[in-house]
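# Summary of structural features
Residue-level listing of the chains:
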Amino acid sequence: MNQTERNQQLFDRARAVIPGGVNSPVRAFKAVGGTPRFIQKAQGAYMWDAAGQRYIDYIGSWGPMILGHGHPAVVEAVQRAVAEGFSFGAPTEREIELAEAILALMPSMEMVRLVSSGTEAAMSALRLARGATGRKTIIKFEGCYHGHADALLVKAGSGLATFGNPTSAGVPPEVVQHTLVLRYNDLPQLEAAFAEHGQDIACLMIEAIAGNMNFVRATPAFAKRCRELCTQHGALLIFDEVMTGFRVGLQGAQGVLGIRPDLTVLGKVIGGGMPLAAFGGPRAVMEQLAPQGPVYQAGTLSGNPVATACGLATLREIAKPGFYEALATKTRSLVDGLEAAAQAEGVGFSADCEGGMFGFFLLDALPQDYTTVMKSDGARFNTLFHGLLDRGVYIAPALYEAGFVSSAHSENDIAQTVEAARAIFKQLGRAA
Ligand code: KE4
């Protein structure tokens with residue numbers, strides 16, 4: 001049986017019992033077409049699918065696997081934790097250790113609450129902001145994704161700074177009636193929104209480097225204005241760093257930009273591949289949370305002892321001197337190689353990276369907002385995606401998703417990836 005048949009057979013079986021055959025939509029390859037690869041195992045920078053095909057992995061579980069798969073120190077920590085028990089539903093010392101480790105690395109946070117997913121962390125941060133301010137209105141940006149909590153599944157309303165409409169069935173319009181969706185990096189619209197709604201705004205939530213638009217940076221002026229306007233109007237600035245936290249640098253996007261948000265949402269890397277996320281901020285705000293304060297938030301597996309062991313072991317590795325410098329150099333060499341290969345074949349291409357995160361567009365210039373990102377030619381991206389996949393290189397199966405390099409990726413992996421891309425750029429160049 002060839003590789004596609006084996007994966008196709010599993011996909012057919014999966015679709016009989018799991019909606020769409022997957023437990024998270026983007027895995028179904030709907031945006032790129034073709035058959036999802038059912039992964040059997042992973043080690044270092046590589047994954048192997050059910051047919052034994054090896055891939056250089058640039059998804060890294062959508063961010064968590066910054067050390068690559070199966071880092072010995074992490075495996076050992078998890079094995080030790082499992083031997084002591086899977087879950088207690090009671091406090092543990094390791095939750096304190098992980099909280100202390102996070103706070104030591106994130107100066108904007110004085111307290112942190114551990115949860116099990118980025119969605120849960122963002123949803124809880126939102127409720128906390130509303131509870132702490134007594135206000136209802138929230139601001140988010142087109143192209144930013146903060147998980148699938150109802151109030152955040154919303155797209156821009158028509159016209160300027162209007163309240164949003166649900167992006168998903170099952171979300172009643174009244175649930176998103178207080179969610180303002182603005183254009184990313186649009187300063188006049190941001191000013192107008194605060195001028196009109198300032199006193200009602202509980203929070204502004206943003207991905208300061210938007211990995212859900214592939215890779216779009218908030219301009220320093222825009223990020224600074226978000227900070228100033230929130231301060232001026234008594235709203236809380238929330239940085240959703242589920243993807244960028246400990247990925248673009250040890251202090252995340254807030255460290256890159258030099259901006260202190262009021263609340264930070266974390267996930268992915270802090271769990272090292274296990275279900276663990278977090279949100280945190282100033283003591284005065286965080287103490288509004290149950291059981292201390294009136295804002296309810298809870299979770300059976302929050303601070304799970306195995307997940308915290310995995311997260312702690314991961315944080316210990318990435319906090320080592322020189323980790324991010326080496327990772328950033330590797331990521332930069334990938335991006336530069338791809339740009340040079342595309343240019344040589346006359347293919348319109350732009351790319352950016354920070355730390356271990358990168359993004360690229362089949363566009364001549366880096367986009368600054370969602371509308372521009374979506375001008376990318378989907379068909380050409382799909383050709384690139386499948387061309388790479390067929391050559392054993394696994395990038396995100398959607399043009400609006402970012403890519404991730406781990407400390408396990410070798411220079412040879414990077415060189416192989418660039419050579420695989422060159423072959424497809426040649427094809428794309430001729431087709432243009
Ligand atoms: P989770 O609930 O998937 O753990 O986190 C939601 C979330 C929140 N905030 C940001 C900035 C995120 O990127 C995410 C989740 N990221 C997606 C990838 N773009 C996860 C992949 C998936 O949905 O399967």
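Calculation rules
- Residue numbering note: each chain is counted from 1, following its sequence as written.
- Owing to the predicted nature of the model, reporting of local features is limited to residues with pLDDT of at least 70; listing and counting of side-chain atom pairs is limited to 80 or more, with chain, interface and lining totals taken over all residues.
- In computing side-chain values, all of the structure's heavy atoms are included and hydrogens and water are not.
- Note on pairing: DSSP must find at least two bridges between two strands before they are called paired.
- Under the scheme used here, helices are H or I runs from DSSP no shorter than 4 residues and strands are E runs no shorter than 2 residues, and both carry numbers assigned from the N terminus.
- Any two residues whose heavy atoms approach within 4.5 Å at even a single point are treated as in contact.
- Fitted lines through C-alpha atoms serve as axes, helices being fitted only where they are in contact, and the angles separating the N-to-C directions of these axes extend from 0 to 180 degrees.
- Roughly parallel here means an angle under 35 degrees, roughly antiparallel means over 145, roughly perpendicular means 65 to 115, and every remaining angle is called oblique.
- Helix crossings fall into two classes, left-handed where the near helix is turned counterclockwise from the far one by less than a right angle and right-handed where it is turned clockwise.
- When residue character is reported, Ala, Val, Leu, Ile, Met, Phe, Trp, Tyr, Cys and Pro are called nonpolar, Asp, Glu, Lys and Arg charged, and the others, Gly included, polar.
- In the sections that follow, a salt bridge refers to a side-chain nitrogen of Lys or Arg positioned within 4 Å of a carboxyl oxygen of Asp or Glu.
- Between buried and exposed lies partly exposed: a residue is buried under 20% and exposed over 50% of the maximum accessible area for its type, with that area taken using a 1.4 Å probe on protein chains only.
- Any pair of Phe, Tyr and Trp rings, taking the six-membered ring for Trp, is counted once the centres come within 6.5 Å. Such a pair is stacked with planes under 30 degrees apart, edge-to-face with planes over 60 apart, and tilted for the rest.
- Here, a charge over a ring is recorded when the distance from Lys NZ or Arg CZ to the ring centre is within 6 Å and its angle to the ring normal is within 35 degrees.
- What we call a nonpolar core is a set of buried Ala, Val, Leu, Ile, Met, Phe, Trp, Tyr and Cys residues that are connected through their side-chain atoms within 4.5 Å.
- Segmentation of the chain into domains, including their bounds, is taken from an automatic or database domain assignment.
- Nearness here has a simple test: a residue counts as near a molecule or strand if at least one of its heavy atoms is within 4 Å of that partner.
- For this analysis, a polar contact is any N or O atom pair within 3.5 Å, provided that within protein one partner can donate a hydrogen and the other can accept it, and provided that sequence-adjacent residues contribute only side-chain to side-chain pairs.
- What sets the accessible areas is the Shrake-Rupley method with a 1.4 Å probe; for residues, cover comes only from the shown protein chains.

## Brief notes about the sheet that holds strand E18 (residues 403-404)
- Read across the sheet, three strands follow the order E15-E16-E18 without closing on themselves; strand pairing throughout is antiparallel. Of all strands in the sheet, those with a lone pairing partner are strand E15 (350-354) and E18, marking the two edges.
- The strands touched by helix H10 (residues 323-344) are E15 and strand E16 (357-361); relative to E15, the strand with the most contacts, the crossing angle is about 175°.

## Remarks on the packing of helix H12 (residues 378-390) against helix H13 (residues 411-431)
- Look at H12 against H13: their axes get within 9 Å of each other, and the N-to-C directions meet at 140°. Considered as vectors, H12 and H13 are oriented oblique to each other. The handedness of the crossing between H12 and H13 comes out as right-handed. Every residue of H13 that contacts H12 at Arg-380, Thr-383, Leu-384, Gly-387 and Leu-388 is listed here: Thr-417, Ala-420, Ala-421, Ile-424, Phe-425, Gln-427 and Leu-428.
- Here the residues of the contact of H12 with H13 are counted per class, giving seven nonpolar, four polar and one charged.

## Some details on the pattern of salt bridges
- Taken as a whole and assessed by the stated rule, the structure comprises 16 salt bridges.
- The partner of Arg-37 in a salt bridge is Asp-49, with the nearest N and O atoms 3.9 Å apart. Placement of Arg-37 in the loop between helix H1 (3-17) and strand E1 (39-43) and of Asp-49 in strand E2 (residues 46-49) is noted, with a sequence separation of 12 residues between them.
- Where Asp-186 meets Arg-183, a salt bridge forms, and the shortest distance between an N and an O atom there is 2.9 Å.
- Because the salt bridges share partners, they merge into one network encompassing Glu-191, Lys-224, Arg-225 and Glu-228.

## A word on unusual backbone geometry
- Residues Ala-290 and Pro-291 are joined by a peptide bond in cis, for which omega reads 5°.
- Turning to its location among the elements, Pro-291 is positioned in the loop between helix H8 (283-286) and helix H9 (305-318).
- For Ser-61, which is not glycine, the phi torsion reads 60° and is therefore positive.
- For Ser-61, the position within the fold is in the loop between strand E3 (54-57) and helix H2 (72-84).
- One non-glycine residue, Trp-62, lies in the positive phi region at around 70°.
- What makes Trp-62 buried here is its relative accessible area of 17%.

## Things to note about the packing of aromatic side chains
- Scanning the entire structure with this criterion turns up 13 aromatic pairs.
- When the ring of Tyr-46 is compared with that of Trp-48, the centres are 6.2 Å apart and the planes differ by 75°; the resulting orientation is edge-to-face.
- Under the relative-accessibility criterion, Tyr-46 is labelled buried at 19%.
- Taking relative accessible area as the criterion, Trp-48 reaches 21% and is therefore assigned partly exposed.
- Between Phe-349 and Phe-360, the aromatic rings sit 5.4 Å apart at their centres with planes inclined by 20°, giving stacked as the arrangement. Separated by 11 residues along the polypeptide, Phe-349 in the loop between H10 and E15 and Phe-360 in strand E16 bring together distant segments of the chain. For the pair shown, Phe-349 and Phe-360 are each scored as buried.
- Three or more aromatic residues joined by ring pairs make a cluster, and in this case those are Phe-29, Tyr-55, Phe-385 and Tyr-394.
- Directly above the ring of Tyr-46 sits Arg-54, whose terminal nitrogen or CZ lies 3.8 Å from the centroid.

## Quick look at the sheet that holds strand E14 (residues 277-281)
- Reading across the sheet, the seven strands line up as E4-E14-E13-E12-E9-E5-E8 and stay open at both edges, with mixed pairing between neighbours. Each edge of the sheet is formed by a strand with only one pairing partner; in this case those strands are strand E4 (111-115) and strand E8 (179-182). Averaged over all pairs of adjacent strands, the angle between their axes in this sheet comes to 20°, without regard to strand direction.
- Where strand E13 (residues 263-266) and E14 come together, three bridges link them in antiparallel fashion. The residue of E14 that forms the bridge with Thr-264 is Gly-280.
- Strands in contact with helix H3 (residues 93-105) are E4 and E13; relative to E4, the strand with the most contacts, it is inclined by about 125°.

## Details of the environment of Val-418
- As for its position among the elements, Val-418 is in helix H13.
- C-alpha separation for the pair Val-418 and Gln-343, spaced 75 residues apart in sequence, amounts to 12 Å.
- Discounting residues that sit within four places of it in the chain, Val-418 has contacts with Leu-334, Gly-337, Leu-338 and Ala-341.

## Some points on the nonpolar core
- Phe-141, Leu-204, Phe-246, Ile-318 and Phe-425 are the most contacted members of the largest nonpolar core, which totals 108 residues.
- Per element, the largest residue contribution to this core is eight residues, and it comes from H10.
- Here this core spans two domains, since at least three of its residues come from each of domain 1 (3-70 + 321-431) and domain 2 (72-318).
- Among all residues touching Phe-246, those that are not within four sequence positions of it are Ile-66, Leu-105, Met-106, Gly-252, Leu-266, Val-269, Ile-270, Leu-315, Ile-318 and Tyr-324.
- Counting residues in hydrophobic clusters, the runner-up holds 24 residues, among them Ala-122, Ala-125, Ile-238 and Ala-277.

## As for the site of the ligand
- The local shell around the ligand holds 16 residues, among which Ser-24, Thr-119, Asn-212, Asp-240 and Glu-401 are the closest.
- Between the ligand and the protein, one listed contact pairs an oxygen atom with a side-chain N or O atom of Thr-119 at 2.7 Å.
- Here Lys-268 contributes a side-chain N or O atom positioned 3.0 Å from a nitrogen atom of the ligand.
- Protein burial of the ligand: of its 530 Å² of free accessible surface, 85% is covered by the chains.

## With respect to the environment of Tyr-324
- Summarising the element assignment, Tyr-324 is placed in helix H10.
- In sequence terms Tyr-324 and Glu-354 are 30 residues apart; their C-alpha atoms lie 9.7 Å from each other.
- The residues touching Tyr-324, leaving out its near neighbours within four places in the chain, are Ile-66, Phe-246, Arg-247, Gly-249, Leu-250 and Ile-318.

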